[in-house]
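Each chain is listed here by its residues.
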Amino acid sequence: MPSDDTYKSILKSNGLKNTKRRNSILEVLTQIAQPITADQVFLELQKQDVSINLSTVYRILDKLASKGIICRTNLIGDNKSLFELNQMNHRHHLICMGCKQMLAVDDCPFEQYGKLLQARTGFNITGHKLEIYGYCRNCKPR
Ligand SMILES: [Zn+2]
Ligand SMILES: [Zn+2]
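Residues numbered from 1 in each chain as written. Chains lettered and ligands numbered in written order. Predicted model: local features only at pLDDT ≥ 70, side-chain atom pairs only at ≥ 80, totals over all residues. Heavy atoms only, no water.

### What to know about the environment of I69
Part 1 of the reasoning: Among the secondary structure elements, I69 is positioned in the loop between α4 (54-66) and β2 (70-74).
Part 2 of the reasoning: Of the residues examined, I69 reaches a relative accessible area of 6% and is grouped as buried.
Part 3 of the reasoning: Between the alpha carbons of I69 and L11 there is a distance of 8.1 Å; along the sequence they are 58 residues apart.
Part 4 of the reasoning: Ignoring sequence-local partners within four residues, the contact set of I69 consists of I10, L11, N14, L16, L26, L64, L85 and N86. (Helix = DSSP H or I, 4+ residues; strand = E, 2+ residues; numbered from the N terminus. Buried < 20%, exposed > 50% of the residue type's maximum accessible area, 1.4 Å probe, protein only. Contact = heavy atoms within 4.5 Å.)

### Thoughts on the coordination of the zinc ion (ligand 1)
Part 1 of the reasoning: Only C96 (SG), C99 (SG), C136 (SG) and C139 (SG) from the protein reach the zinc ion (ligand 1) as donors, at distances of 2.2 to 2.3 Å.
Part 2 of the reasoning: Classification of the site at the zinc ion (ligand 1) as tetrahedral follows from its four donor atoms and the range of 105 to 113° in their angles at the metal.
Part 3 of the reasoning: All donors of the zinc ion (ligand 1) come from a single chain, and their spacing in sequence reads C-x2-C-x36-C-x2-C. Taken together, the residues C96 in strand β4 (residues 92-96) and C139 in the segment after β6 (131-134) connect sequence positions 43 residues apart.
Part 4 of the reasoning: Among the residues examined, C96 registers a relative accessible area of 3% and is labelled buried. (Donors = N, O, S within 2.8 Å, 3.2 Å for Na, K, Ca; no water. Tetrahedral: all angles 85-135°; square planar, octahedral: opposite > 155°, others 65-115°.)

If you want it as structure tokens, here you go:
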């Protein structure tokens, strides 16, 4: 698990001041290690006795997302954003439309294709997102 210093240098390299609240939010996202909503971040912080209010959580998440430190994902048919750390070794998720659970997939099908695309178009690809929708074993589509 990264130390406080890691968060500090992440914030600093993105031109953000290192604050306790920003650190706490990054720590929560590291601990949970899967995409969660702002409400869930808020609940975790409360469990850890960090004094913060929900609108501050939203504001900090927005800020971190705008700097690319965290990723925001909006699920189809759901207006809640999910947030997760923007990791170098990122993962993709299988998302069940039935029970809404997200299963992490460790490998990235895009890696080779991305290189090809970059060579072909000259576009400098800095990242990508991919969510795969469907139904898990327990949920059958109607
Ligand atoms: Zn399911
Ligand atoms: Zn990928």
